[in-house]
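Results of the structural survey
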Amino acid sequence: CFRSDWKGNIILNTIQDSIGSSNRTLEPNQGIYLSQAILLAVSFGVERFFPYEFQAVERDDVDPEHHFGIVHADLTPKPGYLACRALTKARPAGSVNRPGELFLADERLCMVSWKRPDGQTGCAIWSPDDSVTRNVRISGKLTEAFDCHGSPLKLRDRTTFSQKITYFILKSADGGKEPGLRVQ
């Protein structure tokens, strides 16, 4: 908390994988970690999240800070931009967190869910480490499934989850009970 009349807190994440390494800023990883960070933050009540930064400078190939943006210097999308777009599609403004455990039973998968303004339920599932294959059971009707970059996915009874988030959008069947997702 600031020592003034300002309201709120500030949270910073400056994790580096090892001394001199900044694996999270590598372009293929950027969208994965950004969308995970946003989902975790909002699930714990953070109301505003600002990634650093929008446009990459891209003038120095060896300086990681020149590559932090979610779009290139010429404004073409990077994986981080695609991940933010997919997250916004899955969890539009006005969505409300649903209670639940962050880690599923064996603690090898993370799952967060929310109620969307259109009445549908959104779920995001990913593995913090290695890929994990599990059975997926849906109560209600699946309206959409897509990956962390917004590419459509075909749901199978057994699904492999990785660090790349998988989004599920569900609605109740015939106005019945609340839709849900079980992963075993």
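Structure shown above.
Let me sum up the structure you'll find in this document. (Residues numbered from 1 in each chain as written. Predicted model: local features only at pLDDT ≥ 70, side-chain atom pairs only at ≥ 80, totals over all residues. Heavy atoms only, no water.)

Concerning the overall build of the protein
Here is the rule: A run of H or I in DSSP becomes a helix once it reaches four residues, and a run of E becomes a strand once it reaches two; helices and strands are each numbered from the N terminus. Buried, partly exposed and exposed residues are distinguished by accessible area as a fraction of the type maximum, computed with a 1.4 Å probe on protein chains only: under 20%, between the cut-offs, and over 50%, respectively. Pairs of residues are marked as contacts when any of their non-hydrogen atoms sit within 4.5 Å. Areas reported here follow the Shrake-Rupley algorithm with a probe of radius 1.4 Å; residue values treat only the protein chains shown as occluding.
Tallying secondary structure elements over the protein gives two helices and eight strands in all. The buried share among the 184 residues of the protein stands at 36%. Long-range contacts, defined as pairs at least 24 residues apart, comprise 53% of the intrachain contacts of the protein with a sequence gap of at least 6. Carbon together with sulfur atoms contributes 51% to the accessible area of the protein, which is approximately 11600 Å² in total.

Digging into the packing of aromatic side chains
Formally: Two aromatic rings from Phe, Tyr or Trp, using only the six-membered ring of Trp, form a pair when their centres are within 6.5 Å; if the ring planes differ by under 30 degrees the pair is stacked, by over 60 it is edge-to-face, and anything between is tilted.
Under the criterion given, the structure shown has two aromatic pairs. Pairing F146 with Y167 gives two aromatic rings, centres 5.3 Å apart and planes at 35°, and the pair type is tilted. Of the two residues, F146 is situated in strand β5 (residues 141-147) and Y167 in strand β7 (residues 166-171); the sequence distance between them amounts to 21 residues. For the residue pair F146 and Y167, the accessibility class agrees, reading buried in each case.

Some remarks on the nonpolar core
One recurring pattern in soluble globular proteins is that nonpolar side chains are buried together. Under the convention used in this document: Note on terminology: a nonpolar core comprises buried Ala, Val, Leu, Ile, Met, Phe, Trp, Tyr and Cys residues joined through side-chain atoms within 4.5 Å.
One finds L39, V112, W114, A124, W126, I165 and Y167 to be the most contacted residues of the largest nonpolar core, which totals 20 residues. Within the residue set of this core, elements represented by two or more residues are α1 (27-43), α2 (79-90), β2 (110-115), β3 (121-126) and β7. When sequence neighbours within four positions are dropped, the list of residues in contact with L39 reads L87, R91, V112, W114, A124, W126, I165 and Y167. Judged by nonpolar contacts, the second largest core, of 13 residues, contains L104, A145, F161 and L181.

Thoughts on the sheet that holds strand β6 (residues 158-161)
Our working rule: Two strands qualify as a pair provided that DSSP identifies no fewer than 2 bridges between them. Axes here mean lines fitted to C-alpha atoms, for a helix over just the part in contact, with angles spanning 0 to 180 degrees between N-to-C directions.
Spatial strand order, β6-β4-β8: three strands in an open sheet with antiparallel pairing. Of all the strands in the sheet, the pair left with one neighbour each is β6 and β8 (180-183). Each neighbouring strand pair of the sheet contributes to a mean axis angle of 45°, computed without reference to strand direction. Pairing of strand β4 (residues 132-139) with β6 involves four bridges; the strand directions are antiparallel. Residue pairing in the sheet places R134 in a bridge with T159 of β6.

As for the sheet that holds β2
Within a beta sheet, neighbouring strands are joined by backbone hydrogen bonds and run either parallel or antiparallel to one another. Here five strands make up an open sheet; going across it, the order is β1-β2-β3-β7-β5 and the pairing antiparallel. Of all the strands in the sheet, the pair left with one neighbour each is β1 (96-97) and β5. Looking at chain direction, β2 and β3 are connected through six bridges and run antiparallel. Each residue of the ladder has a partner; that of V112, found in β3, is A124. The strands touched by α1 are β1, β2, β3 and β7; relative to β3, the strand with the most contacts, the crossing angle is about 125°. The strands touched by α2 within the sheet are β2, β5 and β7, with β5 carrying the most contacts at an inclination of about 170°.

Thoughts on the pairing of β4
As defined by bridge partners, β4 adjoins β8 across four bridges and the pair is classed as antiparallel. Of the residues in β8, the one forming a bridge with V136 is V183.

Examining the environment of F103
Along the chain, the position of F103 falls in the loop between β1 and β2. Residue classification places F103 among the partly exposed positions, given a relative accessible area of 39%. Sequence separation between F103 and S127 is 24 residues, and the spatial gap between their C-alpha atoms is 9.5 Å. With residues up to four places along the chain from it excluded, the contact list for F103 reads L109, C110 and P128.

As for the pattern of salt bridges
Put simply, the rule is: Every case where a carboxyl oxygen of Asp or Glu lies within 4 Å of a side-chain nitrogen of Lys or Arg is listed as a salt bridge.
Counted by the stated rule, this structure contains six salt bridges. Between R98 and E178 there is a salt bridge; the shortest N-O distance is 4.0 Å. With R98 in the loop between β1 and β2 and E178 in the loop between β7 and β8, this residue pair connects regions lying 80 residues apart in the sequence. Given a relative accessible area of 26%, R98 falls into the partly exposed group.

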